[in-house]
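A closer look at the structure
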Amino acid sequence: MENLNNISLNFILSTGRTGSTLLCTMLNMHPEALSISEEPFAYNLYPKYKDVVNWTDKTIEEFCFDFYLFSEGKLPIQFGTKQDLVDLLTKHKEGLTGEKAIKLAYFAFFPKKDKSKVRMIVDKELKFHYFLNEVDSFYPTAKYIVLSRDPRDNVVVKINKAIKQARPYNLYFLAKMWDYQYNMLLAKTSKLDAKKVLHISYENLMTDPESTLKKVCLFLGLSFDEDMLKYDEKIKSDMDADLTENEKKH
């Protein structure tokens with residue numbers, strides 16, 4: 001792990017069913033990138049801890065409690081343990097700040113990933129575009145990848161998911177929500193420095209992943225790594241490993 005001050009925090013902005021998990025998975029194949037999904041602690045914890053400079057064991061315990069308090073339930077599939085987070089914060093307690101503590105929280109995700117070379121964090125919390133002004137003020141050096149998808153496909157995918165889960169759905173509502181969310185997102189990002197925003201599409205990510213990922217890497221300041229195209233192999237390998245581990249337990 002490099003000096004925490006040199007590790008940048010960036011964000012993927014999109015709506016659900018747009019391909020942000022796919023992009024997140026691809027980025028995680030890069031040895032210098034760490035990308036996690038749908039946990040809002042970077043926004044929720046910053047105001048409370050931004051000015052804290054005296055980090056005692058009690059402060060660390062409270063930070064960890066708040067971290068779990070604001071969780072949206074996505075931790076089990078990607079997070080390590082509370083003790084992992086406590087250990088990271090304790091190890092770096094000297095000179096710890098609120099922003100550094102939040103960066104360290106990211107390093108407790110994906111415990112099997114080698115993070116020794118990570119110098120880039122990319123967060124894909126879907127709700128952050130609602131609070132983009134605040135997020136940008138918290139992290140003024142952050143960059144934003146705006147990921148879009150053909151609204152017709154986006155709505156169809158959401159309808160199919162609702163049908164599969166036996167939930168009611170409304171075509172008009174889903175279409176209006178997409179229109180509202182992206183108009184808001186485009187309006188907010190248009191007020192940011194253009195150098196901080198990159199627009200890509202799900203369609204290009206699927207049809208020409210190498211070219212699209214090269215654009216993303218150039219934007220973030222990373223060199224392109226061909227392993228990013230092998231995300232499907234990594235997913236299968238992890239699934240096989242988890243299956244073997246579960247079989248051993250039983």
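Notes on the structure in this doc start here. None of these values were measured; they are calculated from a predicted model. (Residues numbered from 1 in each chain as written. Predicted model: local features only at pLDDT ≥ 70, side-chain atom pairs only at ≥ 80, totals over all residues. Heavy atoms only, no water.)

1. Concerning the overall build of the chain
Note the cut-off: Numbering of helices and strands runs from the N terminus, with a helix taken as a DSSP run of H or I at least four residues long and a strand as a DSSP run of E at least two residues long. The buried label goes to any residue with under 20% of its type's maximum accessible area, the exposed label to any with over 50%, and the partly exposed label to all in between, with areas taken from a 1.4 Å probe on protein chains only. Residue contacts follow a heavy-atom distance rule, with two residues in contact if any of their heavy atoms lie within 4.5 Å. To measure how exposed things are, a 1.4 Å probe is used in the Shrake-Rupley method; for residues, cover is taken only from the protein chains shown. Positive charges come from Lys and Arg alone, negative charges from Asp and Glu alone, with His and the N- and C-terminal ends not counted. Where a charge lies is defined by one atom per residue type: Lys uses NZ, Arg uses CZ, Asp uses CG and Glu uses CD.
Within the chain, the secondary structure is distributed over 12 helices and 5 strands. In terms of its C-alpha atoms, the chain occupies a principal-axis envelope of roughly 50 × 50 × 40 Å. A buried classification covers 45% of the 250 residues belonging to the chain. Put simply, of all contacts in the chain between residues at least 6 apart along the chain, 76% involve residues at least 24 apart. Within the structure as shown, the chain displays about 13400 Å² of accessible surface, and the carbon and sulfur contribution to it stands at 55%. Side-chain charges in the chain split into 36 positive and 36 negative, and the spacing between the mean points of these groups amounts to 3 Å.

2. Observations regarding the sheet that holds strand S4 (residues 144–148)
Condition: We call two strands paired when DSSP finds no fewer than two bridges between them. Every angle, taken between N-to-C directions, lies between 0 and 180 degrees, and every axis is a line fitted to C-alpha atoms, over only the stretch in contact when it is a helix.
The strand order S2-S3-S1-S4-S5 describes an open sheet built from 5 strands, whose pairing is parallel. In this open sheet, the two strands that pair with only one neighbour each are strand S2 (33–36) and strand S5 (197–201). Strand after strand, the sheet turns through a mean of 20° between neighbouring axes, direction not considered. As paired elements, S4 and S5 share 5 bridges and run parallel to each other. Along S5, the bridge assignment pairs valine 146 with histidine 199. Against the sheet, helix H1 (residues 20–28) contacts strand S1 (8–13), S2, strand S3 (120–123), S4 and S5, and its axis sits at roughly 155° relative to S2. Seen against the sheet, helix H6 (residues 98–106) touches S1, S2 and S3 and runs at an angle of roughly 80° to S3.

3. A short note on the packing of helix H4 (residues 57–69) against helix H5 (residues 82–91)
Keep this limit in mind: An angle counts as roughly parallel when it lies under 35 degrees, as roughly antiparallel when it exceeds 145, as roughly perpendicular when it falls between 65 and 115, and as oblique in every other case. By convention the crossing between two helices is left-handed if the near helix lies anticlockwise of the far one by an angle smaller than a right angle, and right-handed if it lies clockwise. We call Asp, Glu, Lys and Arg charged. Ala, Val, Leu, Ile, Met, Phe, Trp, Tyr, Cys and Pro are nonpolar, and the rest, Gly among them, are polar.
Where H4 contacts H5, the axes come no closer than 10 Å and their chain directions differ by 140°. Here H4 is positioned oblique relative to H5, judged by the angle of their axes. Where H4 crosses over H5, the handedness of that crossing is right-handed. Together, Ile60, Glu61, Phe63, Cys64, Phe67 and Tyr68 of H4 and Lys82, Leu85, Val86, Leu89 and Thr90 of H5 make up the contact between the two elements. Its residues assigned to classes, the contact of H4 with H5 comprises 8 nonpolar, 1 polar and 2 charged.

4. Here's the deal with the packing of aromatic side chains
Put simply, the rule reads: Here a Phe, Tyr or Trp ring, Trp counted by its six-membered ring, pairs with any other such ring whose centre lies within 6.5 Å, and the pair is stacked when the planes are under 30 degrees apart, edge-to-face when over 60, and tilted otherwise. Any Lys NZ or Arg CZ found within 6 Å of a ring centre and within 35 degrees of that ring's normal is scored as a charge over the ring.
With the rule as written, the count across this model stands at 22 aromatic pairs. Measuring from centroid to centroid gives 5.8 Å for phenylalanine 11 and tyrosine 144, while their planes differ by 15°, and the two rings are stacked. Of this pair, phenylalanine 11 sits in strand S1 while tyrosine 144 sits in strand S4, and the two are 133 residues apart along the sequence. With respect to class, phenylalanine 11 is no different from tyrosine 144; both count as buried. A network of ring pairs unites the aromatic residues Phe11, Tyr43, Tyr46, Phe128, Tyr130, Phe131, Phe138, Tyr139 and Tyr144 as a single cluster. Directly above the ring of phenylalanine 219 sits lysine 143, whose terminal nitrogen or CZ lies 5.2 Å from the centroid. Positioned over the ring face of tyrosine 202 is arginine 149, at 4.0 Å from the centre of the ring.

5. Regarding the environment of glutamate 39
For glutamate 39, the location among the structural elements is in the loop between S2 and helix H2 (41–44). According to the relative accessible area criterion, glutamate 39 is buried, its value standing at 2%. With 31 residues separating them along the chain, glutamate 39 and phenylalanine 70 place their C-alpha atoms 8.0 Å apart.

6. Topic: a nonpolar patch on the surface
Stated formally: In this scheme, patches are assembled from residues that exceed 30% relative accessible area and form no salt bridge. Like charges are connected within 9 Å, while nonpolar side chains (Val, Leu, Ile, Met, Phe, Trp, Tyr) are connected within 5 Å. The term salt bridge refers to a side-chain nitrogen of Lys or Arg lying within 4 Å of a carboxyl oxygen of Asp or Glu.
Together, Phe65, Leu69 and Phe70 make up a nonpolar patch on the protein surface, roughly 320 Å² of accessible area in all. The residue phenylalanine 70 is located in the loop between H4 and H5 in this model. Judged by relative accessible area, which is 34%, phenylalanine 70 ranks as partly exposed.

7. Re the side chain of threonine 212
Within the secondary structure layout, threonine 212 lies in helix H11 (residues 209–220). Not counting residues within four places of it along the chain, the set of residues in contact with threonine 212 comprises Ile200, Asn204 and Leu205.

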